[in-house]
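Here are the chains, one letter per residue:
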Amino acid sequence: MIHSLFIINGSGEVFMEKHWKTVVSKSICDYFFEAQKKSANPEDVSPVIATPHHYLINICRNNLYFVAVLTNESAPLFVIEFLHRIMDVFEDYFTACTETTLKDNYVIVYELLDEMLDSGLPLVTETNTLKELIKPPNLLRKVANLVTGDSTNVSDALTSSQLSNIPWRRLGVKYANNEAYFDLIEEIDAIIDRNGTTIMGEIQGYIDCCVKLSGMPDLTLTFVNPRLLDDVSLHPCIRLKKWESEKSLSFIPPDGNFRLISYHIGSQNSISIPIYVKHNIQYREGSAGRFELTVGPKQTMGKSLEAVAIECAMPKSVLNCTLTPSQGKCTFDPVKKVLTWDIGKIETNNQNSTRLPTIRGNITLAAGQPIPEGNPTLNVRFTINQVALSGIRVQRVDMHGESYKPFKGVKYITTVKNGRFQIRT
Amino acid sequence: MSVNDRSLTTSASMNMQGFGNSSAGSNQSDEQVEPASTLSIFSLDMKKHEDIKQMLDSNKENLKLDAMRRVIGMIAKGKDAGDLFPAVVKNIVSKNMEIKKLVYVYLMRYAEEQQDLALLSIATFQRGLKDPNQLIRASALRVLSSIRVPTIVSIMMLAIRESANDMSPYVRKTAANAIAKLYALDPELKDELIVIITKLLADKTILVNGSAVQAFEHVCPDRIDLIHKNYRRLCNLLVDIDEWGQLTVLHMLTRYARTQFVDPNKTYEDDKKSFYDDNETEKNANDDEESLDKKTYIMDSDHRLLLRCTKPLLQSRNSAVVMTVAQLYYYVAPRSEIHIVAKSLIRLLRSHREIQTIVLKSITSMADKHKEIFGPFLKSFYVHSNDSSHVKYYKLEILTILANASNISTILREFHTYVLSPDKEFGAQAIHAIGRCASTIPEVTEACLNGLVGLMSKKDETIVAESVVVIKKLLQINPSQYGDIIKHIVRKVDKVTVPTARASILWLIGEYSDRISKFAPDVLRKMAKIFPDEETIVKNQILNLAAKLYVMNSKQTNLLVQYVFNLAKYDTNYDIRDKTRLLRALLFQADKCPALSKNAKKILLAPKPAPLLESIIRHHDQYTLGTLSYVIGQAATGYKDLPDFPPEPSDSSVRNVEIIPVSTSQHDSSRNPKKGTTPGGKKNTGIDENFFSDEEEDAEDASTEGPDDEEEENEEDEEEEEEEESDEDDEEQSIENKNKTNEYEQLDARSPTIVENQPQNSESSEEEEESEEDESESEESTDEDEQV
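Residues numbered from 1 in each chain as written. Chains lettered and ligands numbered in written order. Predicted model: local features only at pLDDT ≥ 70, side-chain atom pairs only at ≥ 80, totals over all residues. Heavy atoms only, no water.

When its secondary structure is counted, chain B shows 43 helices and one strand. A sequence separation of at least 24 residues applies to 67% of the contacts in chain B between residues at least 6 apart. For chain B, the exposed area adds up to about 35,800 Å²; of that, 52% sits on carbon and sulfur atoms. (Helix = DSSP H or I, 4+ residues; strand = E, 2+ residues; numbered from the N terminus. Contact = heavy atoms within 4.5 Å. Areas by Shrake-Rupley, 256 points an atom, 1.4 Å probe, with all protein chains shown as cover.)

Residues and elements named next belong to chain A. Pairing is antiparallel in the open sheet, where three strands are placed in the order β12-β10-β22. Where the open sheet ends on each side, the last strands, each with one partner, are β12 (249-251) and β22 (394-400). Sheet twist, expressed as the average angle between the axes of neighbouring strands with direction ignored, equals 10 degrees. (Pairing = 2+ DSSP bridges. Axes fitted to C-alpha atoms, helices over the stretch in contact; angles between N-to-C directions.)

According to the domain assignment, chain A consists of domain 1 (4-148), domain 2 (179-271 + 387-424) and domain 3 (275-385). The C-alpha centroid of domain 3 of chain A is placed 39 Å from the C-alpha centroid of domain 1 of chain A. (Domains from an automatic or database assignment.)

Of all hydrophobic cores here, the largest spans 331 residues; its most connected members are Phe66(A), Leu260(A), Phe421(A), Phe374(B) and Phe381(B). Among the elements that make up this core, the one with the highest residue count is helix α2 (residues 76-94) of chain A (12 residues). With near-sequence residues (within four places) excluded, Phe374(B) lies in contact with Ala342(B), Leu345(B), Ile346(B), Ile363(B), Met366(B), Ala367(B), Phe381(B) and Leu402(B). Ranked by size, the runner-up nonpolar core spans 15 residues in total, among them Ile8(A), Val24(A), Tyr65(A) and Val67(A). (Core = buried A, V, L, I, M, F, W, Y, C linked by side-chain atoms within 4.5 Å. Buried < 20%, exposed > 50% of the residue type's maximum accessible area, 1.4 Å probe, protein only.)

Now for the packing of aromatic side chains. Per the counting criterion, the structure on display carries 25 aromatic pairs over all chains. Seen in terms of ring centroids, Phe78(A) and Phe82(A) are 6.4 Å apart; in terms of plane orientation they differ by 50 degrees. Their pairing is tilted. Separated by four residues within a single helix, Phe78(A) and Phe82(A) lie in helix α2, roughly one turn from each other. Here Phe78(A) matches Phe82(A) in class, with each residue buried. Where Tyr231(B) meets Tyr256(B), the ring centres are 4.7 Å apart and the plane angle is 20 degrees; that geometry is what we call stacked. On the criterion of sequence distance, the pair formed by Tyr231(B) in helix α14 (residues 228-237) and Tyr256(B) in helix α15 (residues 243-260) is long-range, its members being 25 residues apart. With respect to class, Tyr231(B) is no different from Tyr256(B); both count as buried. An aromatic cluster is present here, built from Phe66(A), Phe90(A), Tyr93(A) and Phe94(A) joined pairwise through their rings. (Phe/Tyr/Trp six-rings, centres within 6.5 Å; stacked < 30°, edge-to-face > 60°.)

Our next topic: the sheet that holds strand β2 (residues 14-19) of chain A. Residues and elements named next belong to chain A. Pairing is antiparallel across the open sheet formed by five strands, whose spatial order is β2-β1-β5-β4-β3. Looking at the sheet topology across the chains shown, the edges are occupied by β2 and β3 (48-50). Across the sheet, the mean angle separating the axes of adjacent strands is 20 degrees when strand polarity is ignored. Relative to strand β5 (residues 64-70), strand β4 (residues 55-61) runs antiparallel, the two sharing seven bridges. By the bridge assignment, tyrosine 55 is partnered in β5 with leucine 70.

Turning our eyes to something else, we now look at helix α13 (residues 206-219) of chain B. With 14 residues, α13(B) ought to run about 20 Å at 1.5 Å a step, and its terminal C-alpha atoms sit 20 Å apart, in line with that. Within α13(B), 12 of the 14 residues are buried, leaving the element largely enclosed by the surrounding structure. Within the sequence span of α13(B), burial applies to Ile206(B), Val208(B), Asn209(B), Gly210(B), Ser211(B), Ala212(B), Val213(B), Gln214(B), Ala215(B), Phe216(B), Glu217(B) and Val219(B). Turning to α13(B), the residues buried within the fold contact β7 (121-122) of chain A together with α11 (169-185), α12 (190-201), α14 and α15 of chain B. (Expected span 1.5 Å × (residues − 1).)

So, about the pattern of salt bridges. Across all of its chains, the model carries 50 salt bridges over all chains by this definition. Notably, a salt bridge pairs Asp225(B) with Arg223(B), separated by 3.2 Å at the nearest N-O pair. According to the relative accessible area criterion, Asp225(B) is partly exposed, its value standing at 38%. Given the relative accessible area of 31%, Arg223(B) is considered partly exposed. Look at the salt bridges and you will find they share partners, linking Glu187(A), Asp189(A), Arg420(A), Arg350(B), Asp387(B) and Lys395(B) into a network. (Salt bridge = Lys/Arg side-chain N within 4 Å of Asp/Glu carboxyl O.)

In this section: the state of the cysteines. Residues and elements named next belong to chain A. Overall, the coordinates contain zero disulfides over all chains when judged by the stated rule. Not engaged in a disulfide, the cysteine cysteine 60 finds its nearest cysteine sulfur in cysteine 97; these two sulfurs lie 11 Å apart. The exposure class of cysteine 60 is partly exposed, given its relative accessible area of 21%. Here cysteine 97 falls in the buried class, since its relative accessible area comes to 0%. (Disulfide = S-S within 2.5 Å.)

This brings us to the pairing of β5(A). Residues and elements named next belong to chain A. Taken across its seven residues, β5 has seven buried, putting it largely inside the fold. The alternating pattern of β5 places Leu64, Phe66, Ala68 and Leu70 on one face and Tyr65, Val67 and Val69 on the opposite face, and all of these are buried. Joining the antiparallel neighbours β4 and β5 is a turn of two residues, in which asparagine 62 adopts a positive phi near 50 degrees.

Here it is in C-alpha cells:
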C-alpha cells in the first residue's frame, strides 16, 4: 500500500507530493537524500530504504526520482512496478515525463494520481480507461479552450456513465484513417571477450504497436516461426488460451500505443553477432599507449549497420587521447574519461578491410601513475533496420469485428540498448 | 448580493484577466504553479489566499475552476492550503465535474484536519450515493470513505453496506476498496465488515473479486474458512483479474495452500525413509503394502488446480505478478516443478534497474535452495560493466552459488575479468567470490589459491589486500598442504599497506609459526620498529604474534616481546592496553594465575575452527521471499510469516460448491459491447459478469463460438486477394501514410497506386503476393465473402 509519493528532480528539489492517507512530512525524503549522497553513482541508490517508521521505495527514470512512502509490509516489486506504470502513464499523456511537463500539467497529474490509486491501492492503471476519465492535454484542445474560454480536463464521457467492458479499450473510438503499425524491435545483449568469442548473447524483443482503429476490432497476429518465441510476456489483452494452443496472438487492442508482447531469447540459443571490433590497446611504461580499433559488419543479412557508435570508459590515469578516425567523429571527455566514437553507417558490401572504419592514435597517461591493470571495456551501439536478428517474422494480421479495411504495417529493427553490448579488450 | 460583494467579484475577475489570460485558456502555465502571480508577488500568504477565496466565492465557473487549480497546485507543492477549507467545500455542489473532482481531491487531503467543517460536505455524498450514474455513485463512496473523519463511521458503514448490493460491479468494487479504509478508521466494526466481505468474495464479477480479496487480506486474513467456497472459482478466474488484483489473490492463495494442503516435498522424503527402514527391519508383506500406500503421494486436486492456474501468469507483463507466482511455486509446488519459474525470472532481468535488483536478490535465495533450476541460465548472470553496484553484487553471489565442478573453469575465468574491473569494490567482491568457490569445490582449491597468490603481485592495493584476506581464510581451512604459500605471503608483509591485509598476514605468521620458524621472529622485529604507526587492527595482531612466538620460542624472542608489550602498554587505544595486560599476566606473571599460565600455549594456539566463507544474504532467508522484510533484512511493520504446511490436509469437500453455469466468454461480450448496457448503468450487471473473460469454457463456448470460428476459417481459406485501396482520404492523411509506409513493411497487399509511392516496399510485396505463402502477406476477405 502506497502511503505518499514524492517527485524529486535531478537537483534534489521535491517539486510535487501526493498523499493518499495522512500526510507524511516532506522531511522523510532526507533519508533518501542521505542514501543518495552515500552512493557514488545515481544508479547505485538502493531501491528500498528502511527508515525508523517508514519504508521508502524509489525509482529513477529520466533524471526524476519517484519516492513512495510505505508504512506497512507490501511487496516492493509491486510498488516499483506501479511507480514505473505511473511514469508510463505520464509519458503517454504528456509525451515525455520530465519536470517541466509535470509542472505544466500539475492538475492532470494530480487527477491521474488520484484515479490510479485509491487510498494506496491501485484502481485504474490502463491508459485507455484513464483517458476516458481524464482527457489528455493536446494542442487542439488548448486552442479550442482559448477560443471558447472553457477548459476542463474531465472527460465528458463521465456523464454518460458507461465504462468499457474491456478495461484496456475505450468505447466509441473513431478514426478517419484506420491504421495499425507493428514495430518488432530486438535488442541484443552481448558480452564478447578479448579474443572475439561471444561469452554471452541474448535477445530481448518487443512488439510495440500503434493501433488507430475505429470501433472494437478483434485482431489476430500470426508469426512465421512462432516456436522461436519460447519465453514471452503478454499484454493482458491477449487471449492466453489461443496463444497456448495456436501460438497466435488474438486480441482486442487498446487504442493508441502499447507494447503487445515482449520476448526473451536466452543465451542457450546461439545468436549470430552482426558486428565485430578488432582492437589493439596497449599501455607502455613511460606515459604513453597505443589505441587502435577496426569495426566491421558480420552476418547482417545484407543490411547495413546504422548509427554505429563505440563508447569506452578509460582508466583514471589516462590524461588524453589523440586519435584519428577514418570515418565519423571522435571525442574524449577528460573529466569523465569517456571516449566516444560516432561512426555512423557501415555498408555491408565493402568487405575489403582497408575501407572499414578504423581509429588509430596514442593515449597519454598521467606521469608517475602505474600502468592500468585492465584494458577498458567497449560499449558498442548500432541499429539494423528491416531485420529482426532472431529471424522472427510476422506472417499476417487479420481483423474481425469491424467492416472497414485498415492499413497494416510491420517494421523490423535490431538495435542495442545502451551499455548492453560490451566487448572486453 | 451586496454592492460590496459585487465589487469584490469584479475585482477578482479583473485580477484573473491580468493574471490568467494565458491560463484561463491554455491550461496551466508556470504562473499557476506559482500561486504568487504577477499581481501578488510581494503580498503575504494571507493575501494570496484572499485572492483565491474571492475567486472561489465568485459565481463564474471559470474563476472557480482556476482557483481550484491553484489550490491543487499549492497542495501538489506541499504548501498549506488548509485555511481555504470553507471556501472550497462550498463548491462541492458545483455542477462542473472538474470543479467537483478537484474539491474531492482537496477534501481527501484536508478533511482529517478540519473534521467539523468536513461534515458539511457529507450530505452531498449521501446524495451522490443515490445518483443514477454508476460513476458518480462510486466516486461519492470513494471520497466519503477516504476523508478519515471518525464521526461519520456509521454513515460509511451504511454506505458500504448499500453499495455492496449495488447493481453496478464498479460500485461494488469501490465498496470492497472502502472496507479496508473503514476498518483502519474503526477496527471494532470487524464483524460487520466480515459479513460484507463474505458477500463480496462470492461476487460473480471478477472486477469485484480482486478488491474483495484485498479487503479480506486487510480485515480478516485469519478467517481462511471464508475462502473455501470461493477457492476453485478464484483459481479459475485468476488470469482474468486485473494485474494488481492478481497480486493480492496470489498472496492469499499462497497462504491458503500453506494452511490447507500438505507439503508435497516432505511427504515424499519421509516415505523414502520409511521405505528403507522397512526394508532393513521387517519384511512383512503388510508393512510393504503400507509403505507403498504412503509412497505414492497424490497431490490434492485443488492443490494441482492452483499450480495449473497460476502457471500462465508467469507470462504477465507485470514483474510483481511474475515474482509472486515464482514465490508461490517456491513455497507450494513440489521440488520437481519449481524449475518452470526460472525462465520467467530471467526475463525480468532485462527490466528496470530497480526490478533487477529485487529479482536478483530473490533468485539468490532460490538458487541457494534449488541450484539446478538456474544452472542453464548461468550466462544471464554475467556482469556488464555498467550494471549498478547492487546488481553486480547479486549476480556475483548467484554465480558463486551456481558454481560446481563442471562449470567452475568458465566461472573463474569470468571472475578473473571482474577482479581487474575499474570498479575496485566489485573487484574485491570478486576475489572474495573466488575464495568461496575454492572452499566449496575441492577440485579447484589449489588453482584458486595459485590464482590469488598471483593477484598479490598486482599493483592495486585493494586487490592485494582482498587476496591476502581470502588466502588467509582458505589456508585456515586446510593449512597443512600449503606451507609454500605461507612463506610466499610472509615475504609480502613489507609491501602490503592495507591494514586488514597486514593484520591477516601477521595472524597467519603467528598461527603457523612452526612452519616458518626462521622468518617469524624477524617479522616481529620489523613490526616492533613501526608498531606505534600501525592501525589498531594491525597492532592487535602484532601482539598476538608476539605472544604466540613467545610461547613457541621464548628464548629467541623474550626481549623483543617485552619491548612490544611495553610499547603497547602506553598505547592510546584502551583495547590494546587491556590486551597487553592480559597477555603479560598470562605469559610473564605465572605466579599470579598459575592455572592459566600453565596452559598458555593451549590457550593461544588452540586449534581454531575454519571460517565459513559465506555471504550475508543467507541470513535474510528467514523472511518470506520477495516481501519488503526480505529485501531490507528486518521485519517490517505488519509482516507475517508464511505458515508451515499442516501435517494433515484439510477436508477437500469444504471447497465443494454447487456448479453454477459458467458465463460466456470475452468474444461475445466484447464484440457486442453495448449489449445489455443501458444508460444509467443499473442494468448492466448481466454483461459485466462475463467481463473480458478469457476462459473459453468449453461447453457454452462451443455453442456460441462455433459457427463464428468456422466462418473465420472459411475466410482465411478462400484467400481472396481482392484488395481495394480507398485513396480518397484527405491529403494530410495520405501524406502521413506515405511517410509511415516508407519505413513499414505492408502487411496488406495494396493497390498499385500506393505501391508506386513506395518503391522500397513495392518489390517485396509484389513478389510475396505471387508466391502466395509468404511472410508479409495478409489475406483479407471482403464483406461479401463473409456473408457467403
